[in-house]
Each structure stands twice: as C-alpha cells, then as structure tokens.
Amino acid sequence: MRFLLDAEQRAFAASLDAMLTAADTPSAVRDWSRGEHAGGRALWSRIAEAGVFALAVPEVYEGLGPRPVELAVAFVELGRHAVPGPLVETVTAAALLAGLPDPGPAKRLLPALATGEATATLAWTAPDAPSTPACTAVGAPHSPPPQPYASPPCAPSGGQPYALDGDVATTRLALTPEGLRLSPGHGPVRPSLDPARRLTLLQPGGELLSPDPPTAQALAHARLVTAAQALGVGEALLGKTVAHVRRRTQFGAPIGSFQAVKHRLADARIALEFARPLLFGAALTMAPADVAAAKVIACEAAYATARTALQLHGAIGYTAEYELSLWLTKARALRTAWGSPQACRAEVLDAGRLSGDRRW
Amino acid sequence: MDLTFSAEEEAFRAEARAWLRAHVPAEPLPSLETEEGFAAHQVWEAELAADRWSVVNWPAAYGGRGAGLVRWLLFEEEYYAAGAPGRVSQNGISLLAPTLFDFGTEEQRARVLPPMASGEVVWAQAWSEPEAGSDLASLTSKAVRTAGGWLLSGQKTWSSRAAFADRAFGLFRSDPDAPRPHQGLTYLMFDLRAPGVTVRPISRLDGRPAFAELFLDEVFVPDEDVIGEPGQGWRIAMSTAGNERGLMLRSPGRFLASADRLRRLWADRGRPEHARDRVADALIGARAYQLFTFAAASRFLEGESIGPESSLNKVFWSEYDIALHETALDLLEADGELADTDWSERYVFSLAGPIYAGTNEIQRDIIAERLLGLPKGRR
C-alpha cells in the first residue's frame, strides 16, 4: 500500500500546469464561448502532444493507455485551467471504441484521437432514460403558459442527450441502447450556463459501429475524468478566492482575517481534500460504484467551493466579465454532466458497497 | 499509487479477524460511562492485552506487536467490523502514549505503558478549565515547586472518563511570570486518588457520567511524573497533536463499520427514499476517510509530518459521525427517541465530536491560517 502519486505523476501534473499557465488559456476559453475555435484547437494540440488523449488509447491503437490514474492527474490540471472543448467526451469515446468486440472502428478512429488530430463528442442515452416530451423553448413567441405541475415534465431536448461541442468534434458518436453509431451531423448550438460548453443534439442515423458497445466501461471513464476536472475547477476557485480575500481590505483589515470568511474557505478545503482520495481510489479500481462516488463528491465539493468563491468575491464575482466566471459556471455544469448527484448515489447504493469494504 | 496489501499484512488481518471472531462478547457490554460498564470494559482490555491485541502498533516491550501504522489500520477495520466494544483506554493510548514515546523517559515508558496496555490503569485527560477551553493556553491551574516534585492546585473540567479512571495527564502553569501564556506550562501525570484530589462526575446529555470536574488542592506529584522539561508543556502537548495522533484518534475502521450498520438499518426499514442520499453519503464518506487516511499514512511512512492537516481530518470525521447517526435516528422514526438503544448512545457520543480535542472552530482557524495562509485575526 502506497497511496500517493509518484514523482513522475507529480511532474506530469506540474508540466501540464505550467504549459496551460503559459498558454493564456482564459483567452482561448472566451473565444471558444463565442464559437471561435482557433485558440482552443491550438491548445488541444498541445494537450495531445503532452500525451493526455493517448492515455485513454491502448498501445495497439498507437496510444499509451489505458492509464486511468494519469488521466485523472491530467484532468485535474485541465479543470484547474478551465480548458474548453469535448475533453471528457474524447476520452470516453476512446474507452468506448477501444472496448468494441470488432477492432475495425478502433483502428480507423483511435490513432487520430490519440494524436489530437481528431476530437470526439458523445451523446449517451441511458437504457432507462424516460421518454420526455420537448418543451417549447423559453421565450418563444406565443408559447403557452408553463404548466407548473404537468406530468410528465417536459425537457428542452425532448429527453435526448446533448453532445458537447458537436459543432467542433470531428467524431460524433451516439450511444443508445440499440448500439453505437457515428452520427452524420448535429443540430443548432444551445447555450450552457457555462458559456464554454456548447450543447448540441446529434442527428439520428449514421453508421452503426457496434450493436454491443462497452457502455459501463465508457461511463466509468466519463465520470472519472469529469470528477478530476471538477476537482481541478474547485482547487482553482479556492486558490483564486484565497488570493482575493488576502488582498481585499474592508474595515481596515484584509477580509481573509475575518473568521466568517476563514471558515467558509476552510470548509471548501476540507471538501476538496476528501474528494481527492476518492478520485484516485476510483482511478485505481475503475469499479462503477467507486467512480460514481468520486464523481458526486468531487462535483459537490467543486460546486460548494464555487458558491463560497462567489460569495467571498462579492459583486465582482457575479459578473461575466471577471475571469472567475469561467470556473464558477463550469462547477455548476459539471455537477450534472455524466450523471446527476442522485444517479451517482443510486449507483453506490445499488452496488451496496465500495472497494475497501472488508466484508468481501 | 497502490492500494494492495502485502501477504504479511493480509495474514495479519486474517489473524486479527479470527481472534476477534472467537473473543468478541456476543452481547454488547454495558455502557462504558457507567461504573459497571467501565469495569466490564477494563476486563475486555485485559483479554485483548493477554493476546497482544490492545496496542498492536506499540513495541513488544510495552505489550504491543510493533505492527506499524498500516497494520494498525487493518486491525481497526477488523475490530470495529467485528462489533467489538468501545475502548475505555482510548485517551491514554491515543493521547498520552504518543507523548511518552516522543518526550517521556525510558523509565516512564516502562512504568506507565504496560498497565495502560492491559487496561489495569485507565487514564483521563485534564486539559480544559472553567475559564480555559479553546483558549487552552490561558489555563491557571498551577504546579508549584516543592521538595522532590510539584504541588498541583486548581480546577480542571470536562475530563473524559475521569469519573471512573485511575490517573490523569494534563498541563499546569509552573511559571506564572513567563512572558507569554504558552510559556511556563508543564506537562504532568497525576493520581486521581491522591490526597487533595476531588473528582465530581458530570452527567452528559443522556445523564451518564462521561466526564468529571477535578478539584486539586496541593496534590503532590513526584518529579518522575513530569513529561519532558518543566516549562515546555505547550510545545510537547501540541507537537503530538499534529503527527500520527491526528491519524489515530479516530480510525477509519470505526466509520466503515458504522456506515455498514447504517446501510443494513436502511435496508431493514425497507430502503426508504427519503434517506437514500444520506445513506449513500455515509458509505461514500467512510471510504473517503479511509482513503484520506491511507494517503496520510503513506506520507507519514515516507518520513513526512502530517502537521496542521490533521485539522482537516478532525472536522471531517466529527461532522460525518453526527450526520450518520442523525440519519439512523430518523430511520428509526418513533424508536429514534429511545435513550437506551445502541444507536442513541452512539448518537449522543457523536454530538461531542465537534467540541472535544480542539473545537471545530479552532480547527477551521488552523486550516485557514496554516494551510491556506490567511492572516491571523480576532477569534
């Protein structure tokens, strides 16, 4: 038992952190939010050159993986810098393609994902997803008044899953109970609360890559790297807020000397510090319940930290213009991406146990 | 990153499991906060000690197995999973013993540790005073020099286990003229039955005498019961607060077992929807605490000190413990109100967690100032 990152893993994190710091990532995020992808694509290439996507691709398909621990290390840094794009989806697509019984699609699609020449997105329809009628878009002219207690509820997507950045991704995958398809195209971009996340519906049909894809394995990858990204987002928010409360003076003292302020930040630190071991424990086992536990706790820690960050920055934190907004909005979006808190908790309870339980 | 245990560690776990299966009392012992229960728990400590299971991580010379931190963690998992009794000697084992290992003399260790390991001598802590709680360094109980030792006078309070314990340890002001309150304090051990000591038990919320007030009137303590140098008491008390003691006060095994019990209670009550998320959080929190502890133990074994990070630990487990037991009482519905159940006793015990061993407010101040680097301010 040695539950620590080794020197090489720590150096990998530090090098990604340094690269993303030097790259003026916030400008790339702003551009990406406006649909201008050049800066984000350049960043993507550098992340790929650092080997991040290759970590999800097995060696037989010209990758370095699968290496979930290193993926988690990398995604903490990607979250810390609020890197835009279908990062989680590309890793998940790689896990999905690599696990297909027929190696054909993996041979065709995976090497380009590993090198960063291709990007993937993925729309996932859960087997038990309810069929939900589409709502009229908010603010549409002549829309009927909402029915507050109408059942079943409506969803803007009509219950269809969104694919992140479907307008940018070169490999658009649709995972449904019927199998895995290569989607022929995407619908219009819908705004996310996180402007850097561009949500699209994928067009139905397209080439059937497999009737029997490894859904559970792919979902575990999606949740693991989402959890890692959330942890990085939370750590960035905490760091920025600590810096702010040390600088900001009111009543003749830095507001960070006030106990009410300190205790909120201490709680944020506690939440993040206990999410981290769940993340790396899950990366070691990749058991679905472990990953679900890491996902819900990391995302809740990040979100709680976002609330604290917003409160302690005061009004400046509530502006879109201030850079903090890039992380604040992402913390909210990641909470429900790839499994809501309740879905993740249900996964834990259905399994009835997590790894490390000595009953087995 | 590696969460597998060696064959030797797994064999140790199996040995502990087998011993506990054969020895853990079938019926729970009476509450250790009663005279009868206290005595029954001392008998249990003796049974543990007879086969060297009471202090597995101590050196063999003092009654342990020299098992090390990882095996201790495995032992604790087995111990609480087996439903074994609470540890009446916890204060001595997790607070005084680490101090003696770091600052005591060989003579003190040889004299104090074996009867602590066997449960023959049970220790209480004597830190707080009526006017010195979170601001412990403002304490005024004094130690006055006399021939061959010290005379202790003053009042200590909230002294856990002191209603029935044999001896106590704590800080006393030996130099009233020291320039700062943290200076001039001495760490001493004393006999709760010595002339001049009056023990007045205090009932906690459920009426059981879980702690006591101590009135001291020129109680003689020989020099051999001073730990470290006189005047260095604060440094000695605080230096062990930050190292492995932060890890060992509450082991993950305890919470893994509690979470499992809660999961079974939830299942027995028909898996009610209203408690779903809270039961999941209990399972997840126990795993988080286990893994956090494995990470801290790994760092400790590589020679790093844990330091103020033990404050993260303390806030986490104390709040976790209350949430878990609140969920259990809610699941029990009307029966959750009963005072004489195992769940309610554990609930009452959990309520003290955020208060003792440094309140959670003090812990959050430590996190903010020493881990986050925020400026000191008014408390």
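Within each chain, residues carry numbers counting from 1 in the order of the written sequence. Labels are handed out in written order, letters beginning with A for the chains and numbers beginning with 1 for the ligands. In keeping with the model being predicted, local features are shown solely for residues with a pLDDT of at least 70 and side-chain atom pairs are shown and tallied solely at 80 or more, while totals for entire chains, interfaces and linings include all residues. Working from all heavy atoms in the structure, the side-chain values ignore hydrogens and water.

Just checking my understanding: could you explain the overall build of chain A for this structure?
Note on conventions: DSSP H or I runs of at least 4 residues are helices, E runs of at least 2 residues are strands, and numbering of each starts at the N terminus. Secondary structure summary: chain A contains eleven helices and nine strands in total. It is over C-alpha atoms that the radius of gyration is taken, and the globule rule equals 2.2 Å times the number of residues to the power 0.38. The C-alpha radius of gyration computed for chain A amounts to 20 Å, which stays within 12% of the reference 21 Å derived for 360 residues, consistent with globular compactness. Seen through its C-alpha atoms, chain A measures out along the principal axes to roughly 65 × 60 × 50 Å. The buried share of chain A, reckoned over its 360 residues, is 56%. The sign given to each residue is positive for Lys and Arg and negative for Asp and Glu; His and the chain ends receive no count. Here the site of a charge means atom NZ of a Lys, CZ of an Arg, CG of an Asp or CD of a Glu. Taken as two groups, the 33 positive and 31 negative side-chain charges of chain A have centres that lie 7 Å from each other. Type-normalised accessible area, obtained with a 1.4 Å probe on protein chains alone, sets the label of each residue: buried when under 20%, exposed when over 50%, and partly exposed for intermediate values.

Looking at this structure, I do not really get the interface of chain A and chain B. What am I missing?
Many authors give the size of an interface as the accessible area that is lost as the parts come together. Between chain A and chain B, the residue contacts involve 44 residues of the former and 53 residues of the latter. Summed over both partners, the interface of chain A with chain B buries about 4,500 Å², with 66% contributed by carbon and sulfur atoms. Every case where a carboxyl oxygen of Asp or Glu lies within 4 Å of a side-chain nitrogen of Lys or Arg is listed as a salt bridge. On inspection of chain A and its partner chain B, the count reaches six salt bridges. Here Arg276(B) makes a salt bridge to Asp350(A), at a shortest N to O gap of 3.8 Å. Contacts described as polar in this section are N or O atom pairs within 3.5 Å, which, within protein, must combine one atom able to donate a hydrogen with one able to accept it, while residues neighboring in sequence count only if both atoms come from side chains. Counting across the chain A and chain B interface gives 16 residue pairs in polar contact (both at pLDDT 80 or more). Elements that contribute at least two residues to the side of chain A that touches chain B include exactly helix H7 (215–247), helix H8 (259–285), helix H9 (288–313) and helix H11 (341–351) of chain A. For the side of chain A that touches chain B, the leading source of residues is H8(A), giving 16 residues. Looking at the side of chain A that touches chain B residue by residue, the class counts come to 24 nonpolar, ten polar and ten charged. In what follows, a contact means two residues having at least one pair of non-hydrogen atoms within 4.5 Å. Summed over both partners, buried area is the accessible surface (1.4 Å probe) that two parts give up on being assembled. Nonpolar residues are Ala, Val, Leu, Ile, Met, Phe, Trp, Tyr, Cys and Pro. Charged residues are Asp, Glu, Lys and Arg, and all others, Gly as well, are polar.

Whenever I open this one, the UniProt feature "domain: Acyl-CoA dehydrogenase/oxidase N-terminal" (unreviewed entry) in chain A confuses me. Can you help?
UniProt positions are given in the numbering used here, feature names are shortened, and annotations may be inferred rather than shown by experiment. The UniProt feature table records "domain: Acyl-CoA dehydrogenase/oxidase N-terminal" (unreviewed entry) at residues 7–117 of chain A. Across residues 7–117 of chain A one finds 67% helix and 0% strand; the C-alpha atoms that close the span lie 30 Å apart.

Can you help me understand empty space enclosed by the protein in this one?
Any empty space left between atoms is shown by rolling a water-sized probe over those atoms. Residues and elements named next belong to chain B. As defined here, a cavity is a set of points on a 1 Å grid over the protein atoms alone where a 1.4 Å probe fits but cannot get out. A pocket is an open set with protein on both sides within 12 Å along at least five of seven lines, and residues line them when an atom is within 4 Å of a point. Grid points are joined across faces, edges and corners, and a volume is the space filled by probe spheres set on the points. Under the counting rule described, the total for this entry stands at three cavities of 30 Å³ or more. What the largest cavity holds in volume is close to 200 Å³. In this structure, the largest cavity is lined by 18 residues; those nearest its centre are Trp 72, Glu 76, Arg 87, Gln 90 and Ile 93. Those elements that provide at least two residues to the lining of the largest cavity are helix H3 (68–81) and helix H4 (90–103). Counting residues per element, the lining of the largest cavity draws most heavily on H3, at four residues. Counting residues domain by domain, the lining of the largest cavity receives three or more from each of domain 1 (7–117) and domain 3 (243–371). Boundaries of every domain are those given by an automatic assignment or by a domain database.

Honestly, the UniProt feature "domain: Acyl-CoA dehydrogenase/oxidase C-terminal" (unreviewed entry) in chain A in this entry has me stumped. Any pointers?
What UniProt calls "domain: Acyl-CoA dehydrogenase/oxidase C-terminal" (unreviewed entry) maps, in this numbering, to residues 217–342 of chain A. Here residues 217–342 of chain A is 78% helix and 3% strand, with 20 Å between the C-alpha atoms at its ends.

How do you make sense of the packing of aromatic side chains when you look at a structure like this?
Both the distance between ring centres and the angle between the ring planes are used here to describe each pair of aromatic rings. Here the aromatic set is Phe, Tyr and Trp, taking the six-membered ring for Trp, and pairing holds for ring centres within 6.5 Å; pairs whose planes are under 30 degrees apart are stacked, those over 60 apart are edge-to-face, and all others are tilted. Taken as a whole and judged by the stated rule, the model has 29 aromatic pairs over all chains. With a centroid separation of 6.4 Å and an interplanar angle of 25 degrees, the aromatic rings of Phe274(A) and Tyr289(B) are classed as stacked. With Phe274(A) in helix H8 and Tyr289(B) in helix H9 (residues 276–301), the pair connects residues from two separate chains. Exposure class is identical for Phe274(A) and Tyr289(B). Each is buried. What links up through ring pairs into an aromatic cluster is the set Phe274(A), Phe255(B), Tyr289(B), Phe292(B), Phe316(B), Trp317(B), Tyr320(B) and Tyr356(B). It is Lys240(A) that lies over the ring of Trp327(A); its NZ or CZ is 4.1 Å from the centre. Criterion for a charge above a ring: Lys NZ or Arg CZ within 6 Å of the ring centre, and within 35 degrees of the ring normal.

I tried to follow the domain arrangement of chain A on my own but got confused; where do I start?
Residue and element names in this part refer to chain A. Domain boundaries assigned for chain A yield domain 1 (7–130 + 155–213) and domain 2 (219–351). Domain 1 and domain 2 are separated by 22 Å when their C-alpha centres are compared. Between domain 1 and domain 2, the contact holds 29 residues from the first and 33 residues from the second. Roughly 2,500 Å² of surface becomes buried between domain 1 and domain 2 when both sides are summed, with 71% attributable to carbon and sulfur atoms. Where domain 1 touches domain 2, the interface holds two salt bridges. With a shortest N-O distance of 2.8 Å, Lys 330 and Asp 194 are connected by a salt bridge. Counting across the domain 1 and domain 2 interface gives seven residue pairs in polar contact (both at pLDDT 80 or more). At the level of secondary structure, the elements contributing two or more residues to the side of domain 1 that touches domain 2 comprise helix H2 (25–33), helix H4 (68–80), helix H5 (87–98) and strand E1 (120–124). Ranked by the residues each element gives to the side of domain 1 that touches domain 2, the list is headed by H4, at nine residues.

Help me understand the nonpolar core in this model?
A general feature of soluble globular proteins is that nonpolar side chains tend to end up buried together. Counting residues in each nonpolar core, the largest one holds 184 residues, and the members touching the most others are Phe75(A) and Leu96(B). Residue contacts for Leu96(B): discarding those within four places in its chain leaves Asn91(B), Val112(B), Met116(B), Trp123(B), Phe169(B), Tyr187(B), Met189(B) and Ile227(B). To qualify as a nonpolar core, a set must consist of buried Ala, Val, Leu, Ile, Met, Phe, Trp, Tyr and Cys residues joined through side-chain atoms within 4.5 Å. Of all hydrophobic cores here, the second largest spans 24 residues; its members include Val122(B), Ala143(B), Phe190(B) and Leu214(B).

Mind showing me how you'd approach the sheet that holds strand E6 (residues 198–200) of chain A here?
Residues and elements named next belong to chain A. Criterion used throughout: strands pair if DSSP finds at least two bridges between them. Read across the open sheet, the three strands follow the order E2-E6-E5; overall the sheet is antiparallel. The sheet terminates laterally at strand E2 (163–164) and strand E5 (190–191), the two strands that pair on one side only. Note that E2 and E6 share two bridges and pair antiparallel. Following the sheet pairing, Ala 163 is matched in E6 by Thr 200.

Can you help me understand the domain arrangement of chain B in this one?
Residues and elements named next belong to chain B. Structurally, chain B comprises domain 1 (7–117), domain 2 (123–234) and domain 3 (243–371). In this structure, domain 2 and domain 3 have C-alpha centres spaced 29 Å apart. Taken residue by residue, the interface counts six residues in domain 2 and six residues in domain 3. Carbon and sulfur atoms supply 54% of the area buried between domain 2 and domain 3, which totals about 560 Å² over both sides. When the buried surface of domain 2 facing domain 3 is broken down by residue, Ser 134, Arg 204 and Arg 208 rank first, second and third, together holding 62% of it. At the surface where domain 2 touches domain 3, the tally comes to two salt bridges. Between Arg 204 and Glu 345 there is a salt bridge, and its shortest N-O distance comes to 3.1 Å.

What is the right way to read the pattern of salt bridges from this model?
Note that side chains of opposite charge can pair when their charged atoms are close. Per the counting criterion, the structure on display carries 46 salt bridges over all chains. Asp350(A) serves as the salt-bridge partner of Arg271(B), at 3.9 Å between the closest nitrogen and oxygen. Note that Arg271(B) is positioned in the loop between helix H8 (252–268) and H9 and Asp350(A) in helix H11, a pairing that runs across two chains. Taken together, the shared-partner salt bridges connect Glu33(B), Arg161(B), Arg204(B), Asp206(B), Arg208(B) and Glu345(B) into one network.

How should the UniProt feature "domain: Acyl-CoA dehydrogenase/oxidase N-terminal" (unreviewed entry) in chain B be read in this particular structure?
UniProt tags residues 6–120 of chain B as "domain: Acyl-CoA dehydrogenase/oxidase N-terminal" (unreviewed entry). The span residues 6–120 of chain B shows a helical share of 63% and a strand share of 0%, and its end C-alpha atoms are spaced 34 Å apart.

Looking at this structure, how should I read the pairing of strand E3 (residues 171–176) of chain A?
Side-chain positions along a regular strand alternate between the two faces of the sheet. Residues and elements named next belong to chain A. For E3, the tally of buried residues reaches five of six residues, placing the bulk of the element in the interior. Where E1 meets E3, five bridges bridge the pair, whose relative direction is parallel. Counterpart to Thr 121 in the pairing with E3 is Arg 172. Bridge count between E3 and strand E4 (residues 179–182): four bridges; the pairing is antiparallel. Pairing of Ala 174 across the sheet is with Arg 181, part of E4.

Could you clarify how one ought to interpret unusual backbone geometry in this entry?
In this model, Gly65(A) is joined to Pro66(A) through a cis peptide bond whose omega is 0 degrees. Relative to the helices and strands, Pro66(A) resides in the loop between helix H3 (38–49) and H4. Residue Arg271(B) is not a glycine yet carries a positive backbone phi of 50 degrees. Phi is positive for Glu333(B), close to 50 degrees, though the residue is something other than glycine. Relative to the elements of secondary structure, Glu333(B) occurs in the loop between helix H10 (310–331) and helix H11 (342–351).

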